[in-house]
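# Report on the structure
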Amino acid sequence: MATDVGGYGRSVKRKEDPRFIRGKGNYVDDLKLPGMLYMDIVRSPYAHAKITSIDASKALALPGVLAVITGKDLDAYKLAWMPTLMSDTQMVLPIDRVVYQAQEVAAVIATERYIAADGVALVEVDYEPLPPVVDPYKALDPSSPLVRPDHADKNTNHIWHWESGDKARTDQLFNEAEVVVKEHMYLPRIHVSSIETCGCVASFDRVSGKLTVWMTTQAPHAIRTVFSLVTAASAVGQIPEHKIRIISPDIGGGFGGKVPVYPGYVIATAASVLTGHPVKWIEDRSENLQADSFARDYHMDVELAGKRDGTITALRVKTLADHGSADAAANPSKFPAGLFNVCTGSYAMEAAHVEVDGVYTNKPPGGVAYRCSFRVTEAVHAIERIVDRMAQELKVDPAALRMKNFIPPEKFPYKSPTGWEYDSGNYAGALKLAMEKIGYADLRREQAEKRARGELMGIGICTFTEIVGAGPSNTFDILGIKMFDSAEIRVHPTGSAIVRIGVQSQGQGHETTFAQIVAEELGLPVDNIVVEHGDTDTAPYGLGTYASRSTPTAGAATAMAARKIREKAKAIAAHLLEASPDDIEWGNYQFQVKGAPTRSKTMADVAFAAYTNHPQGMEAGLEAVDYYDPPNLTFPFGAYICIVDIDRGTGEVKIRRFLAVDDCGNIINPMIVEGQIHGGLTMGMAPALLEAITYDENGNIQQGTFMDYLLPTSMETPAWETDKTCTPSPHHPFGAKGVGESATVGAPPAIANAVVDALSHLGVTHLDIPITPWKVHKILEEHGLAEV
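As the structure is a computational prediction, the values presented were derived from the model and not from experiment. Going along each chain's sequence as written, the residues are numbered from 1 onward. The model is predicted, so local features are restricted to residues of pLDDT at least 70 and side-chain atom pairs to those at 80 or more, both for listing and for counting; the totals for chains, interfaces and linings are taken over all residues. For the side-chain quantities, the full set of heavy atoms in the structure was used; hydrogens and water were omitted.

### Remarks on the overall build of the protein chain
Secondary structure elements are taken from DSSP: a helix is a run of H or I of four residues or more, a strand is a run of E of two residues or more, and numbering for both begins at the N terminus. What the protein chain contains, in helices and strands, is 19 helices and 33 strands. We compute the radius of gyration from the C-alpha atoms alone; for a globule the expected value is 2.2 Å times N to the 0.38, where N is the number of residues. On C-alpha atoms alone, the protein chain measures out to a radius of gyration of 28 Å, which is about the 28 Å that the 2.2 N^0.38 rule sets for 788 residues. Whether two residues are in contact is decided by their heavy atoms, any of which lying within 4.5 Å being enough. In the protein chain, the proportion of contacts linking residues at least 24 apart, taken out of those at least 6 apart, comes to 80%. Accessible surface computed for the protein chain: about 28700 Å², of which carbon and sulfur atoms make up 53%. Positive charges come from Lys and Arg, negative ones from Asp and Glu, while His and the chain ends are left out of the count. Where a charge lies is defined by one atom per residue type, namely NZ (Lys), CZ (Arg), CG (Asp) and CD (Glu). Separation of charge centres in the protein chain, based on 73 positive and 97 negative side chains, amounts to 3 Å. Accessible areas in this description were obtained via Shrake-Rupley with a 1.4 Å probe; residue shielding takes into account the shown protein chains only.

Structural data, given as structure tokens:
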């Protein structure tokens, strides 16, 4: 009987939870250092304005206020601007002009946090308002105000054009098509709204010249490199990378919003370097919601071509991407629109062509993820909505249309029309399971009966394919840093181990799942393995946690490092068993002599010998490092079915049932995967029904607090139903694919398709999300169906 070490497939309880449920988590704002100062920020009330003067005299007269930092102060040190992850530039503090509401204008440094806040209220800034541009289509008009006149080589708000696929063949297929459907779709701005806002404590030691920054970042190593590059271009002088330590402690949620470098990080760091004191900056909730990077804001024109028998032949998409005042997205360098061109989804088609244009507007920088892998949510929404639209046009069941057009399992690895090589999948198997489990045929009968009685019930399907796990390094980089990831394992003499990983947990349970990988690969009990992350002085270099890449990359690195250790351990075991290494095999979590399994040594036996009785000539110790460069991305997928009922009196959409069948390959910890899916479904329901950031014509944000920006609570969240299929990735060391973002990607189109399905007999073909009661009630009123 195999020993249970708590390896793959075990629902091991999370190692992190005891400290979290006891309130013992260690967050940035918990840090208090001797002599620490506090920073607060003056922000712009205007979306576009010239700064005519900044008078800090009243603030400086307030006891406890030590300094007021302006853009001109930073400019003297060449720190008024900073690079973004997409090789654009962004103001740290403005010198003479603000370009979005809530932009940082000046920073107050004080001995106490609330004195700093009082100082902010005393800084007097005179503005000369300028006309803003809020609509991205109007921003492309030659007469539009320029958002970024600092780009001397440009006289336009257009940032870049990117396209993918075969345009000529796609156009030809559209010309030959028997049926073409099209829709304009808008995915609005939304905000990740993590429980913990952004912040940092910067501490510069003038004696050692070392800078230590505790900060809320999902990518500490990349941030360290950026900090060194920023100081190299400044008048402060470069702080060498080995003298910068970034510590990312416990983080209360990231979801992509804690990948970018925010101006507050840079100002606090500059203040610490110049004063010699530690400086703390923590955003408040409104600052976080109004000024930090946003997700989505994609305006998509989507077309699908096919035959009358339901065969899909081609997809064509044109998109305008509103990036606000800076292209500060967190995409790989070669992919300004992320991995949006995976938008052919789960369907075999002959050709596709995708165009995306980025544009500046007077809004905060946008384009970061919201628990979506580099624009995959936008891609999935486009294809899953337009496939339903095709089914509606052809008057066929949307499930049947999908079944007819799925990429069949025997076609994997499958080359998509836009160049991606899907690793594995069985889309029909997942949808068939979902339909059987939810009782699809019975639900269709129920819907017909209810519709005859005037009741509104909808059934929505989404069969998405994700693309996660960036690298490989020959294609993916951020600011020139190749995308791979890393792990370091050291086995101690008594058989316990420490694992250090290049990715950073923000609640995903890395301290548990990465320990389980080592437990499985080395046969050590999971309780004897500790996982460290988030400290650039100790962890190996990594690109961070986002885009569902931790398990596909750092998880793979951990397995590969463990296998390096196991290979050396095999030689030590042979020495202990007085056998040839060729006669040693690994089974039941121990080394044993082939044909004589009772002659065996455990990994703990071998670990002790590695320090006390290793073969002559062999290097002592038992440890390894691996930098894993994936040969390809992984392609998790799922089949979701949503059942909604619509209240004809209020227009409210009620999710009666939602079944999610996910396939993320082999699973490390089923309980943690289940938790990821539940959280992701709720974060997918939110933009489908509730969340949106909008601006008025003057660039004023309309949802600047949680009174207006609606987050789902347990009251709005249905009881999610889940199941799974398993199609392992053929190239990943243990067949995993990643799951962190699948549910957030798949849920919105499933819900939107359900609502449109409920209203389709009224001629409704599309509704933009969020699908609010007001939108639905308006349709019911127009058709005389609203109940009074």
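### Overview of the pattern of salt bridges
By definition, a salt bridge exists where a carboxyl oxygen of Asp or Glu is found within 4 Å of a side-chain nitrogen of Lys or Arg. Tallied over the entire structure, the rule returns 49 salt bridges. For aspartate 322, the salt bridge is made with arginine 189, and the minimal N-O distance between the two is 4.0 Å. With aspartate 322 in strand β16 (residues 312–322) and arginine 189 in strand β10 (residues 179–190), this residue pair connects regions lying 133 residues apart in the sequence. For the pair formed by aspartate 322 and arginine 189, the shared burial category is buried. Connected through salt bridges with shared partners, the residues Lys167, Asp171, Lys182, Glu303 and Arg316 form a single ionic network. Exposure classes here rest on a 1.4 Å probe applied to the protein chains alone. A residue is buried below 20% of its type maximum, exposed above 50%, and partly exposed in between.

### Re helix α18 (residues 742–759)
Given the number of residues in a helix, its expected span is that number minus one, multiplied by 1.5 Å. With 18 residues, α18 extends 27 Å between its outermost C-alpha atoms, agreeing within 8% with the 26 Å of an ideal straight helix rising 1.5 Å per residue. With respect to burial, α18 is a largely interior element, 18 of its 18 residues being buried.

### A word on the environment of alanine 609
With respect to the secondary-structure elements, alanine 609 resides in helix α16 (residues 603–612). Alanine 609 sits 13 residues away from leucine 622 along the chain, and the two C-alpha atoms are 9.6 Å apart. Beyond its immediate sequence surroundings of up to four residues, alanine 609 is in contact with Ile572, Leu576 and His614.

### Points about a negative patch on the surface
Think of a patch as exposed residues, more than 30% relative accessible area, with no salt bridge, where like charges cluster within 9 Å and nonpolar side chains (Val, Leu, Ile, Met, Phe, Trp, Tyr) cluster within 5 Å. A contiguous patch of negative charge, built from Asp647, Glu652, Glu716 and Glu787, is present on the exposed surface. Tracing the chain through its elements places glutamate 652 in the loop between β31 (637–646) and β32 (653–663). Here glutamate 652 falls in the partly exposed class, since its relative accessible area comes to 34%.

### Some details on the sheet that holds strand β26 (residues 529–532)
Pairing between two strands requires that DSSP report at least two bridges joining them. Reading across from one edge, β26-β25-β24-β30 is the order of the 4 strands in this open sheet, with mixed pairing throughout. Both outer strands of the open sheet, β26 and β30 (623–628), are each paired with one neighbouring strand and no more. For this sheet, the mean inter-axis angle between neighbouring strands, taken without regard to orientation, is 15 degrees. Here strand β24 (residues 485–491) pairs with strand β25 (residues 497–501) via 5 bridges, running antiparallel. Axis definition: a line fit to C-alpha positions, over the contact stretch in the case of helices; interaxial angles, taken between N-to-C directions, run 0 to 180 degrees.

### Here we look at the packing of aromatic side chains
Each pair of aromatic rings taken from Phe, Tyr and Trp, with Trp reduced to its six-membered ring, is defined by centres within 6.5 Å and is described as stacked if the planes are under 30 degrees apart, edge-to-face if over 60, and tilted in the remaining cases. Scanning the entire structure with this criterion turns up 21 aromatic pairs. A ring pair is formed by phenylalanine 412 and tyrosine 427, whose centres lie 5.8 Å apart and whose planes are at 80 degrees; its orientation type is edge-to-face. Placement of the pair is phenylalanine 412 in the loop between α11 (398–405) and β19 (414–415) and tyrosine 427 in helix α12 (residues 427–438), with a sequence separation of 15 residues. With a relative accessible area of 14%, phenylalanine 412 lands in the buried category. Between tyrosine 414 and tyrosine 422, the ring centres sit 5.6 Å apart and the planes meet at 65 degrees, which makes this aromatic pair edge-to-face. Its relative accessible area of 0% is what places tyrosine 422 among the buried residues. Here a set of aromatic residues connected by ring pairs shows up, and it is made of Tyr347, Phe406, Phe412, Tyr427 and Phe637. Between arginine 19 and the ring centre of phenylalanine 20, over which it is positioned, the NZ or CZ distance is 4.8 Å. Think of it as a cone above the ring: NZ of Lys or CZ of Arg counts as a charge over the ring if it is within 6 Å of the ring centre and within 35 degrees of the ring normal.

### Describing unusual backbone geometry
Here the amide bond leading from alanine 470 into glycine 471 is cis, since omega sits at 5 degrees, within 30 degrees of zero. Relative to the elements of secondary structure, glycine 471 occurs in the loop between β21 (456–465) and β22 (477–478). Looking along the chain, the bond that leaves glycine 471 and enters proline 472 is cis, with omega of 15 degrees. Among the secondary structure elements, proline 472 is positioned in the loop between β21 and β22. Even without being a glycine, phenylalanine 255 presents a positive backbone phi close to 60 degrees.

### Points about the side chain of glutamine 676
Here glutamine 676 lies in helix α17 (residues 670–689). Dropping the residues within four chain positions of it, glutamine 676 is found in contact with Arg371, Gln508, Val739 and Gly740.

### A word on the side chain of glutamate 355
Residue position: glutamate 355 is located in strand β17 (residues 351–359). Within the buried set, glutamate 355 has no salt-bridge partner at all; the shortest N-O distance to an opposite charge, 4.1 Å, is to lysine 318. When residues no more than four places from it in sequence are discounted, the contact partners of glutamate 355 are His161, Trp162, Glu163, Val317, Lys318 and Thr319.

### Quick word on helix α4 (residues 113–122)
For the α-helix, the turn length of 3.6 residues means that residues three or four positions removed from each other point alike. Looking at α4, one finds that the buried residues are Ile115, Ala116, Gly119 and Val120. One side of α4 carries all its buried residues, which in axial view fall inside an arc of 150 degrees. Those residues of α4 that are exposed and aimed more than 90 degrees away from the buried face are Tyr114 and Ala121. Looking at the buried side of α4, the elements it contacts are β1 (37–43), α2 (57–61), β3 (65–70) and β7 (104–110). Here the arc refers to the directions that run from the helix axis out to each C-beta atom.

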